[in-house]
Amino acid sequence: MIKIIALYGFPVSYTSGLFKTLASEADISLRVLYCKNIDSGSADRRPLFLEGDDLSKIRWLEGFDYYFLEDKYNKQKPEQYYMYNPEVRRFIRPELADVLIIGCGYWTPTIWMAIKEAQKYNIPIITRMTVEGNKKRNIFLRGIKRIVVGEFCKAMSAGVYETENQKAYFQSYGMDSSKMFFGPCAVDNDYFQEQAKKFDSEETRKRLGIDKDDFVVSFLGNFIKRKRVIDIVYAMQIINKELDNIHLVLIGDGEERSKIEGYVKSEGIDNVHFTGILSNGEIGKILVAANVFVLPSSHDASSKALNEAMNFSLPIVVSDGVETASELLVEGENGFQFHVGDVEGLAAVLINMSTDRNKTKIMGKKSLDIVNHSGYDQKVVAIRKAIDFALIHKDNLR
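Residues numbered from 1 in each chain as written. Predicted model: local features only at pLDDT ≥ 70, side-chain atom pairs only at ≥ 80, totals over all residues. Heavy atoms only, no water.

1. Considerations on the overall build of the protein
Summing up its helical and strand segments, the protein has 14 helices and 13 strands in all. Here the protein holds 398 residues, and 53% of them are scored as buried. Pairs at least 24 residues apart make up 74% of the contacts formed inside the protein by residues separated by at least 6 positions. Carbon and sulfur atoms provide 48% of the accessible area of the protein, an area that totals close to 18,100 Å². (Helix = DSSP H or I, 4+ residues; strand = E, 2+ residues; numbered from the N terminus. Buried < 20%, exposed > 50% of the residue type's maximum accessible area, 1.4 Å probe, protein only. Contact = heavy atoms within 4.5 Å. Areas by Shrake-Rupley, 256 points an atom, 1.4 Å probe, with all protein chains shown as cover.)

Below, the structure is given as structure tokens:
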């Protein structure tokens, strides 16, 4: 039996499904340690699990063993800098862990405490290699980052990456490629495909005031600057000059929402719909009514929304800032790519897709086929390869 301790920031649906799949392996004993009990992805960063909640009833925590570490910082501060959990030390012991998997950023104080304990007991460490690598920093901060990330990579026995960009990023900080294993960006495909069969497109369209024959463009995510949600609205203004049977449905919330809503109102754009934050179940009701999914981010290392949309047989139109498009998009077969900020190019693509509905539908079927090969099972295979590599080379840690 391989004993695994996985250290993560907070519960989210896509990692919880992965943990459930990993824990179902007959020769694995998994325990997940969470640093916080809030969802940093929500617009108001509200607590997921308030005092008195029955955690056993929360689907995100089903199917695996978990523990919430004592949080020494304010629970309303989800940033990795505020993850300080000295209690983690008591879990990093040979009798409790054969392998430590790290799913938090390298700036997290808790991570460095865990790394130190693992090194003390010669416990191999595996990292989830998802990063936002293009943040702008001054020369001083870049120097600090070079040191911090370099030391982090030295401490890793193996890693699992989702894109070639992520692999190259860690290589640039000194991590050997022989330690890296590809595992696709994944969500709970079965869950979302069940929703696609369950919900009725016409019912949702009727509720939104959209005709059953109209073309629906969708977006799902946080309304933050790097997502560039406003670019889809700009594209809609161009499209509206040529078509009168197209709608945009924006799912989510965030700091940019009021600005975008204000723009839509001031410009008199009446075919843009805002749903606000929705549960996974409610998201399905909207996506089942869409014809295409758009993600215009300036940079997006691991967008799970893309996978979710593809499970609803939606073709995808993504910017070249979306890293996982390299694995999930086959140009011209299940969608198209455009340059970040090219709203004219985005508009042209959507006009063409709207006027050739049969081809668009075929592209959606291709999306479903592609995402079916990017699930939790494939991700677990990669994790197991990383674990096997780490344990085989364990003696090299000394």
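2. Brief notes about the sheet that holds strand β11 (residues 292-295)
Taken together, six strands build an open sheet; the order of strands is β10-β9-β8-β11-β12-β13 and the sheet is parallel. Both edges of this open sheet fall to β10 (272-276) and β13 (335-338), since each of them pairs with a single strand only. Between one strand and the next, the sheet's axes are offset by a mean angle of 20°, whatever the strand orientation. Docked against the sheet, helix α7 (residues 230-239) engages β8 (215-220), β9 (246-251) and β11, running at close to 170° with respect to β9. (Pairing = 2+ DSSP bridges. Axes fitted to C-alpha atoms, helices over the stretch in contact; angles between N-to-C directions.)

3. Some remarks on the pairing of strand β1 (residues 2-8)
The element β1 is largely enclosed, with a buried count of six among its seven residues. The pairing of β1 with strand β2 (residues 28-34) spans seven bridges and is classified as parallel. Looking at the pairing, Leu 7 lines up with Leu 33 of β2. In this fold, the crossover linking β1 to β2 by way of helix α1 (residues 13-23) has right-handed handedness. In this structure, β1 lies alongside strand β4 (residues 99-102), joined through four bridges in parallel fashion. Paired with Ile 4 across the bridge in β4 is Val 99. (Right-handed = clockwise from strand over helix to strand, strands pointing away.)

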